[in-house]
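So you can see what is in the structure, the chains are spelled out below.
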Amino acid sequence: MARDYYGLLGVGRNASDQEIKRAYRKLARELHPDVNPDADAQERFRDVSAAYEVLSDAEKRRIVDMGGDPLESGGGPGGFSGAAGFGGLGDVFEAFFGGMNASGPRRPRGRVQPGADSLLRTRLSLAECAVGVTKHLTVDTAVLCDLCQGAGTNGNSKPVRCETCGGAGEVQTVQRSFLGQVMTSRPCPTCRGAGETIPDPCRKCGGDGRVRSRREIAAPIPAGVANGMRVRLAAQGEVGPGGGPAGDLYVEIVEQPHDMFVRDGDDLHCTIRVPMVDAALGATVVVDTVLDGPTELTIPAGTQPGEVSVLRAHGMPKLRSSARGDMIAHLDIVVPTKLDAKQSDLLRKYKAMRNGERTEVLSAQSEHNSGLFARLRASFSGR
């Protein structure tokens, strides 16, 4: 039989979300184990929390309104499994109970903690990004103390239970407020939440189990990396407190500008200045590529300004793939600005031979410029 979640919170079936939240907050202040240690109160607190979990979720509330129980197949009483049901209620616990949870005080966090990740940037040329390279980097991180091997103690001494918190890792205080007596907890200032102290710490690391050290590492950079990408080196970051496992080291790529190429993903763009005569007659030029050395590029006869010529699969390698991008050459037709008498005479003869060609002013309806003029008209008309 489905439970009466509305009855558990003491609200009607047409209660708003705010009314449901206010009802839960009021009951939570009365029944939370940190305020009311009575066993019956703890049982009711679990039921009230389950009710709030259901009624604060639109889909679960719809199931309840249809006569079902969205928690009936879960663990624990009525489908509510202990602290697992408190995932969405952290704001309420934090506000009223200082971060406590339904199962009681937090456990001491212990001295041994995972280390943090580290970030290092390295500059690569376009060629290095293309072929891949092993970079030898200097890293300054916390490493395991070689004297105590992470134990933090001197010689054969051992950590002892913290006298301030009794090994709990936190201290509790009771405060009076308009809510009544509210118990709050905070990390123990003596052991900093570890639950134990070191009376005789290591002479080298001072009890931390780690020391800072500068070291050299070899970072393999795969072919095809690009600016801003990060290469992960597992367990090469900061060693954690108490000699805990090291975090990861991330090497961020800073790609340097190239004199000839502009990179666009896996494609490489360059500009080639083509003399007017070569554009008219066609030509073959030799261009440098990043991976294939000098390579011939064919410029077709009658090439127009702004056209491109593509060398397929002569660009950058795709990351972790055998495929490659293209090299795209943008052709800039160069018209001579200074001609001697002989050159001018030859061009006049050529012009006479091309008697049918005339300089034209194209109309707005011309096929060549229709797209441009259409966009201009649209912009001026406010479309």
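Residues numbered from 1 in each chain as written. Predicted model: local features only at pLDDT ≥ 70, side-chain atom pairs only at ≥ 80, totals over all residues. Heavy atoms only, no water.

1. So, the overall build of the protein
Link 1 in the chain: Looking only at helices and strands, the protein features nine helices and 15 strands.
Link 2 in the chain: Each of the 383 residues in the protein was classed as buried or not, and the buried ones make up 35%.
Link 3 in the chain: Per element, the accessible surface of the protein, about 23100 Å² overall, is 51% carbon and sulfur. (Helix = DSSP H or I, 4+ residues; strand = E, 2+ residues; numbered from the N terminus. Buried < 20%, exposed > 50% of the residue type's maximum accessible area, 1.4 Å probe, protein only. Areas by Shrake-Rupley, 256 points an atom, 1.4 Å probe, with all protein chains shown as cover.)

2. Side note on the sheet that holds strand S9 (residues 249–255)
Link 1 in the chain: A sheet is described by the order of its strands in space; here three strands give the open sequence S1-S9-S8, paired in mixed fashion. Across the chains shown, the open sheet's two edge strands, defined by having one partner strand only, are strand S1 (118–124) and strand S8 (230–233). Strand-to-strand twist in this sheet, taken as the mean axis angle between neighbours without regard to direction, amounts to 25 degrees.
Link 2 in the chain: With four bridges joining them, S8 and S9 adopt antiparallel strand pairing. Note on S9: the bridge partner recorded for Leu233 is Leu249. (Pairing = 2+ DSSP bridges. Axes fitted to C-alpha atoms, helices over the stretch in contact; angles between N-to-C directions.)

3. Quick word on the layout of surface pockets
Link 1 in the chain: When its volume is computed, the largest pocket comes out at roughly 700 Å³.
Link 2 in the chain: As for the largest pocket, its lining consists of 17 residues, and the residues nearest its centre are Met276, Ala280, Leu347, Tyr350 and Lys351.
Link 3 in the chain: Where the lining of the largest pocket is concerned, the elements lending two or more residues are helix H7 (276–281) and helix H8 (341–353).
Link 4 in the chain: With five residues, H8 is the largest single contributor of residues to the lining of the largest pocket.
Link 5 in the chain: Classifying every residue of the lining of the largest pocket gives eleven nonpolar, two polar and four charged. (1 Å grid on protein atoms, 1.4 Å probe; cavity = no way out; pocket = protein on both sides within 12 Å on 5 of 7 lines; lining within 4 Å. Points joined across faces, edges and corners; volume = space filled by probe spheres on them. Nonpolar A, V, L, I, M, F, W, Y, C, P; charged D, E, K, R; others polar.)

4. Points about the packing of aromatic side chains
Link 1 in the chain: Enumeration according to the criterion identifies one aromatic pair in this entry.
Link 2 in the chain: Ring centres 4.5 Å apart and planes at 15 degrees place the aromatic pair Tyr24 and Tyr52 in the stacked group. Highlighted residues: Tyr24 in helix H2 (residues 17–31) and Tyr52 in helix H3 (residues 39–55), separated in sequence by 28 residues. Like Tyr52, Tyr24 is buried. (Phe/Tyr/Trp six-rings, centres within 6.5 Å; stacked < 30°, edge-to-face > 60°.)

5. What to know about the pattern of salt bridges
Link 1 in the chain: According to the stated counting rule, one finds 20 salt bridges in the structure shown.
Link 2 in the chain: The partner of Glu255 in a salt bridge is Arg263, with the nearest N and O atoms 2.8 Å apart.
Link 3 in the chain: Given the relative accessible area of 17%, Glu255 is considered buried.
Link 4 in the chain: On the accessibility criterion, Arg263 (19% relative accessible area) is buried.
Link 5 in the chain: The salt bridge involving Asp345 is made with Lys349; its shortest N-O contact spans 3.5 Å. Of the two residues, Asp345 and Lys349 are both situated in helix H8; the distance of four residues between them amounts to about one turn of the helix.
Link 6 in the chain: Under the relative-accessibility criterion, Asp345 is labelled partly exposed at 35%.
Link 7 in the chain: For Lys349, a relative accessible area of 49% puts it in the partly exposed group.
Link 8 in the chain: Beyond isolated ion pairs, a larger network of salt bridges with shared partners links Asp140, Arg212, Arg214 and Glu238. (Salt bridge = Lys/Arg side-chain N within 4 Å of Asp/Glu carboxyl O.)

6. A short note on the sheet that holds strand S10 (residues 262–264)
Link 1 in the chain: The strand order across the open sheet formed by four strands is S10-S11-S15-S14, and the pairing between neighbours is mixed. Each edge of the open sheet is held by one strand with a lone partner, namely S10 and strand S14 (308–311). On average, each strand axis in the sheet is inclined to that of its neighbour by 30 degrees, with strand direction left out of account.
Link 2 in the chain: Sheet topology places S14 next to strand S15 (residues 327–334); four bridges connect them, and they run antiparallel. Paired with Leu311 across the bridge in S15 is Met327.

7. So, unusual backbone geometry
Link 1 in the chain: Notably, Gln149 is not glycine yet its phi reads approximately 55 degrees, a positive angle.
Link 2 in the chain: Inspection of the secondary structure puts Gln149 in the loop between strand S2 (133–144) and strand S3 (160–161).
Link 3 in the chain: In this structure, Ala313 is a non-glycine residue whose phi angle is positive, near 60 degrees.
Link 4 in the chain: Structurally, Ala313 can be placed in the loop between S14 and S15.

8. Topic: the pairing of S9
As a general feature of sheets, a regular strand has side chains that alternate between the two faces.
Link 1 in the chain: Taking burial as the measure, the seven residues of S9 include five buried ones, the bulk of the element.
Link 2 in the chain: The pairing of S1 with S9 spans seven bridges and is parallel. Of the residues in S9, the one forming a bridge with Ser118 is Leu249.

9. Looking at the nonpolar core
Link 1 in the chain: Grouped together as the largest cluster of nonpolar side chains are 30 residues, with contacts concentrated most on Ile221, Leu233, Val251, Ile272, Val274 and Met327.
Link 2 in the chain: Leu233 has contacts with Ile217, Ala219, Pro220, Asp248, Leu249 and Val251, leaving out every residue within four places of it along the chain.
Link 3 in the chain: Of all hydrophobic cores here, the second largest spans 21 residues; its members include Leu9, Val54, Leu55 and Val64. (Core = buried A, V, L, I, M, F, W, Y, C linked by side-chain atoms within 4.5 Å. Contact = heavy atoms within 4.5 Å.)

10. Here's the deal with the UniProt feature "binding site: Zn(2+) 2" (unreviewed entry) in the protein
Link 1 in the chain: Sequence positions flagged by UniProt for "binding site: Zn(2+) 2" (unreviewed entry) are, in local numbering, Cys162, Cys165, Cys188 and Cys191. On the basis of their most widely separated C-alpha atoms, the annotated residues across 30 residues gather in one place, lying no more than 8.9 Å apart. From this annotated list, the subset lining the second largest pocket comprises Cys191.
Link 2 in the chain: Tracing the sequence through the fold places Cys188 in the loop between strand S5 (180–187) and strand S6 (196–197).
Link 3 in the chain: Residue Cys188 is classed as buried on the basis of its relative accessible area of 1%.
Link 4 in the chain: Filtering out sequence-adjacent residues up to four positions away, Cys188 remains in contact with Cys162, Thr164, Cys165, Gly169, Glu170, Val171 and Gly193. (UniProt positions renumbered as here; feature names shortened; annotations may be inferred.)

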